[in-house]
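What follows is each chain in one-letter form.
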Amino acid sequence: MIDDKSTNTAGMVETLQTALQAKAEAEPAFRFYSLWDKVCCKDVLQEAYRRCRAKAGAPGVDRESFARIEAKGVERWLEGLQEELRSGRYAPKPLLRVWIPKSNGGRRPLGIPTIRDRVAQMAVVLVIGPIFEADLLPQQYGFRPGLDAKMALRRVYWHVTQHGRREVVDADLRDYFTSIPHSPLMRCLSRRIADGRLLHIIKGWLTAPVVEIVDGRAVQTTEARRTKRGTPQGGVISPLAANLYFRRFLEVNTAKTRVARLPEDAFDFLGYTVGRYYGKDGRPYIGTRPSRKAVRSLLERIHERTSRQWYPDTPENTVVRISSMLRGWCGYFDQGPVMDIYDRIRTYTDRRVRRWLMRRTGRRGTGFRQIPDEYLYGTLGLYRVPMRRVDLPRAKV
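In this report, the structure presented in the accompanying data block is examined.

Conventions used here
- Residues numbered from 1 in each chain as written.
- Predicted model: local features only at pLDDT ≥ 70, side-chain atom pairs only at ≥ 80, totals over all residues.
- Heavy atoms only, no water.
- Patch = residues over 30% accessible without salt bridge, like charges linked within 9 Å, V, L, I, M, F, W, Y side chains within 5 Å.
- Areas by Shrake-Rupley, 256 points an atom, 1.4 Å probe, with all protein chains shown as cover.
- Salt bridge = Lys/Arg side-chain N within 4 Å of Asp/Glu carboxyl O.
- Lys, Arg positive; Asp, Glu negative; His and termini not counted.
- Charge placed at Lys NZ, Arg CZ, Asp CG, Glu CD.
- Helix = DSSP H or I, 4+ residues; strand = E, 2+ residues; numbered from the N terminus.
- Buried < 20%, exposed > 50% of the residue type's maximum accessible area, 1.4 Å probe, protein only.
- Disulfide = S-S within 2.5 Å.

## A short note on a positive patch on the surface
Consideration 1: Taken together, Arg108, Lys256, Lys293 and Arg296 make up a surface patch of like positive charges.
Consideration 2: Position of arginine 108 among the secondary structure elements: in strand S2 (residues 107-112).

What follows is the structure, encoded as structure tokens:
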């Protein structure tokens, strides 16, 4: 395994990134000519693999999993990838298409690259990401190192409360990832990159065929190559590509676009609802709280995970999965008046898990008398949703 060397490897990659970003910031018009050798560097590939491994993820069309790679030896696998990249034999494999449900009842296509392609893409992102980081606007918070969704939320809140900006355009881009045209995107890239080999590989990722399993057989399509549009959701390179093209005009989704006028109106942003609330003394204020959609989505996931289809699973594994959902949700949705929402989530989860534990063993009843808290929260380790505000991290919104 490469974990023993991960600290040194990460440090070397960080040094490289710092130098590239410093050069890009010092010379806004500079184009980088020799980047492919850096992508093929052993340290960069090791760090790329480490980051892809940390995110786990399912295999692609070749069915090669992380477990299979590690059984054969990561070092040998990386050496093989490095040789392909250096020799010019590397070529992207097709994407595996799966569909994930959307909140509006539709479905969103997800293109899963092979692990080999994921690592190669991550190596490219490690090298070119710092270069373009120097050019991105400060208002862009998505998919950037050191920035997150709650920072964007606080920025919006600051504009509304400190600067009195009460008219908010609540807009949604229509099919953004699938609508990005390749030619303008490649021009965005070539404005900073003059390494033809690197640009050729990126174009190959953008136009890779897609394989979908339909009625038990594999069907391959080349829609991206035919339409010359789209960067696959699921690709490691896609978030960076989306950020680079973001400043250009895009079609908005008119059905999801409106002007919200505070305080009479409210709007949802990154899972929160920004609007007028009332304090204990009855005074109105502009604040935030988790949106109804975000709460409903969590409860639906808990309901699904405690349904009949999961009866064969062990209590320990089910509780681990549900605790992970709760911990992640509460860690993000911890701002504004949340305690009543937490109470609702805690009550619902407690009831669903107890009922699931009873039904999977053929017993009737709610489980409140048969299953003590000591077993549910102590033995199984179900995450305790905070009951008091003092138990929350300090929130700034």
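Following the structure, the description resumes.
## Considerations on the pattern of salt bridges
Consideration 1: Scanning the model with the defined rule gives 20 salt bridges in all.
Consideration 2: When the shortest N-O distance is used, the salt bridge between glutamate 47 and arginine 50 registers 2.6 Å. Taken as a pair, glutamate 47 and arginine 50 lie in helix H3 (residues 42-55) at a separation of 3 residues, close to a single helical turn.
Consideration 3: The class of arginine 50 is partly exposed, set by a relative accessible area of 31%.
Consideration 4: Salt-bridge contacts for aspartate 170 lead to arginine 258; the nearest nitrogen and oxygen are separated by 3.7 Å. Here the residue aspartate 170 occupies a position in strand S3 (residues 167-170), and arginine 258 occupies one in strand S6 (residues 258-261), the gap between them amounting to 88 residues.
Consideration 5: Classification of aspartate 170 by relative accessible area gives buried; the value is 18%.
Consideration 6: Given the relative accessible area of 37%, arginine 258 is considered partly exposed.
Consideration 7: Each of Glu47, Arg50 and Arg51 takes part in one network of salt bridges that share partners.

## Let's talk about the state of the cysteines
Disulfide: a covalent bond connecting the sulfur atoms of a pair of cysteines.
Consideration 1: Taken as a whole and assessed by the stated rule, the structure comprises 0 disulfides.
Consideration 2: Looking at the unpaired cysteine 41, the closest cysteine sulfur is the one in cysteine 40, lying at 9.1 Å.
Consideration 3: What makes cysteine 41 partly exposed here is its relative accessible area of 29%.

So far we have only geometry, and geometry alone does not tell us how the molecule works.
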